[in-house]
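Spelled out from the first residue to the last, the chains are:
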Amino acid sequence: MTHPTVELLEHPLSPYAQKVKIALAEKGVPFEAKIPGAIGSGQVTDEFARANPRGEVPVLYVEGQAIFDSTIILEFIEDRFPSPPLLPASAADRARVRMIEDLVDTHYEAITWGLSEIANFKRATGDQATAMQAKAGEELAQLHAWLEAQLGDRDWFNGEAFGWGDLCVAPFVAGAIGFGFPPTGKLSAWFARVAARPSVATSLNQAREMAAAMAGVAQVVEAGLFKRQYRDHRLEWMIRAGGLSVVQAGLERNNIRFNAAPRA
């Protein structure tokens, strides 16, 4: 079967981009992956900005069309390349895996993003870092328990076969493992199965290589050459976990005023 030319703008450490790469690999769709120039600097190229005004990866180019947002991209891939299917057959199971995706995309990712801010970017140190990491561990344990309940007696989140639910969860759990918060029990056994799949293993290996290459990135952030952005659930978690001063410092470094005082 002949496939159209597919190009993916991504970053190997982005779990959202990882979802897309795994889906394309599972579908057998060849693609070229590129990291956008100046990503993370706050100064994206005009072409990237036109493709996604948010300046975020992933962006998928297919047949001249640019598509952004990982969930929308997954929906497009399922529609455009229907075989093999990644969504379960029943409407109820499709809703179930989509809810799982939504939770890990928001609540789970916010925690691992916060852990990266501490471990990689050194945005919090000392007692503050220790307290925030402890909060992350508590919340990840709760989410792991919820995910294990969703898995139930299944081998895969999708049911009898690997699919949408699995590829959406795997990158986030891998991130938590990297920060020292591995799952236990059935979820641990599931991750061992999913990490052995070639599509997932390739993506996770690329993430590990990029993480190793980014040693010293904290100094780049301190110099103002790499901007940190908090949006939606990320901002909520940073504040809830005791990192308000981290957010304030980042905003001040980027010459953005932030008033935390309540309105009268």
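Procedures and definitions
Residues numbered from 1 in each chain as written. Predicted model: local features only at pLDDT ≥ 70, side-chain atom pairs only at ≥ 80, totals over all residues. Heavy atoms only, no water. Helix = DSSP H or I, 4+ residues; strand = E, 2+ residues; numbered from the N terminus. Buried < 20%, exposed > 50% of the residue type's maximum accessible area, 1.4 Å probe, protein only. Contact = heavy atoms within 4.5 Å. Arc of directions from axis to C-beta. Pairing = 2+ DSSP bridges. Salt bridge = Lys/Arg side-chain N within 4 Å of Asp/Glu carboxyl O. Core = buried A, V, L, I, M, F, W, Y, C linked by side-chain atoms within 4.5 Å. Axes fitted to C-alpha atoms, helices over the stretch in contact; angles between N-to-C directions. Polar contact = N/O pair within 3.5 Å; in protein donor to acceptor, adjacent residues only side chain to side chain.

Colleague: When you look at the overall build of the protein chain in this model, what are you seeing that I'm missing?
Modeller: Along the protein chain, the regular secondary structure elements total 11 helices and 4 strands. Taken over 264 residues, the protein chain has a buried fraction of 45%. In the protein chain, 71% of the contacts between residues at least 6 apart in sequence involve partners at least 24 apart.

Colleague: Sorry, what's going on with helix 10 (residues 233–240) here?
Modeller: Each α-helix winds once per 3.6 residues, and so residues spaced three or four apart point in a common direction. Of the positions making up helix 10, those classed as buried are Arg234, Trp237 and Met238. For helix 10, the angular spread of buried residues about the axis comes to 100 degrees, placing them on one side. With its phi angle positive at about 95 degrees, Gly242 sits one or two positions after the end of helix 10.

Colleague: I keep staring at the pairing of strand 3 (residues 59–62) and nothing clicks. Help me out?
Modeller: Successive side chains on a regular strand alternate, one facing one side of the sheet and the next facing the other. A two-sided burial pattern is seen for strand 3, the buried positions comprising Val59 and Tyr61 on one face and Leu60 and Val62 on the other. Across 4 bridges, the pairing between strand 1 (residues 6–9) and strand 3 is antiparallel. In the sheet register, Val6 faces strand 3, and the bridge partner there is Val62. Strand direction decides the pairing type here: strand 3 and strand 4 (residues 65–68), joined by 4 bridges, are antiparallel. Within strand 4, the position partnered with Val59 by the bridge is Phe68.

Colleague: Any chance you could explain the pattern of salt bridges here in plain terms?
Modeller: Two side chains with opposite charge may pair up if their charged atoms get near one another. Counted under the stated rule, the structure contains 17 salt bridges. Where Lys34 meets Glu7, a salt bridge forms, and the shortest distance between an N and an O atom there is 3.4 Å. Taken together, the residues Lys34 in strand 2 (residues 32–34) and Glu7 in strand 1 connect sequence positions 27 residues apart. Residue Asp105 pairs with Lys19 through a salt bridge whose shortest N-O separation is 3.0 Å. With Asp105 in helix 4 (residues 91–119) and Lys19 in helix 1 (residues 15–27), the pair connects residues that are 86 residues apart, well separated along the chain. This pair shows no difference in class: Asp105 is buried, exactly as Lys19 is. Salt bridges linked by common partners bring Lys135, Glu139, Glu236 and Arg240 together as one network.

Colleague: Looking at this model, I keep getting lost on the nonpolar core. Mind explaining?
Modeller: In summary, soluble globular proteins display a tendency toward joint burial of nonpolar side chains. Within the largest apolar cluster, 59 residues are counted, with the highest numbers of intra-cluster contacts made by Leu60, Ile77, Tyr108 and Trp190. When sequence neighbours within four positions are dropped, the list of residues in contact with Leu60 reads Val6, Glu7, Leu8, Leu24, Gln65, Ala66, Ile67, Ile73, Phe76 and Ile77. By size, the runner-up hydrophobic cluster in this structure holds 6 residues, among which are Leu9, Phe48, Val57 and Val59.

Colleague: When you look at the environment of Pro30 in this model, what are you seeing that I'm missing?
Modeller: When you line up the elements, Pro30 lands in the loop between helix 1 and strand 2. Assessed through its relative accessible area of 52%, Pro30 is described here as exposed. Dropping the residues within four chain positions of it, Pro30 is found in contact with His3 and Val6.

Colleague: What should I look at first to understand the sheet that holds strand 4 in this one?
Modeller: Hydrogen bonding along the main chain pairs the strands of a sheet, whether they run parallel or antiparallel. Across the sheet, which stays open at both edges, the 4 strands sit in the order 2-1-3-4 with mixed pairing between neighbours. Bordering the open sheet on either side are strand 2 and strand 4, each of which pairs with just one other strand. Shown here is a sheet whose adjacent strand axes are inclined to one another by a mean of 20 degrees, direction ignored. Each of strand 3 and strand 4 touches helix 3 (residues 70–80); the most contacted strand, strand 4, lies at about 130 degrees to it.

Colleague: Would you mind showing me how to read the side chain of Arg123 here?
Modeller: Its location among the elements puts Arg123 in the loop between helix 4 and helix 5 (126–151). Using a relative accessible area of 13% as the deciding quantity, one classes Arg123 as buried. Engagement of the side chain of Arg123 in a polar contact is seen with the backbone oxygen of Val246, the distance being 3.0 Å.

Colleague: Just checking my understanding: could you explain unusual backbone geometry for this structure?
Modeller: The phi angle of most residues is negative, glycine excepted, and most peptide bonds adopt the trans form. Cis geometry marks the peptide bond from Val57 to Pro58; its omega dihedral reads 10 degrees. Mapping Pro58 onto the fold places it in the loop between helix 2 (46–51) and strand 3. The amide bond that connects Ser83 to the next residue, Pro84, takes the cis arrangement and shows omega of -5 degrees. The residue Pro84 is located in the loop between helix 3 and helix 4 in this model. Phi is positive for Glu63, which is not a glycine, with a value near 50 degrees. For Glu63, the position within the fold is in the loop between strand 3 and strand 4. The backbone of Asp69 shows a phi angle near 85 degrees, a positive value even though the residue is not glycine. With respect to the helices and strands, Asp69 occurs in the loop between strand 4 and helix 3.

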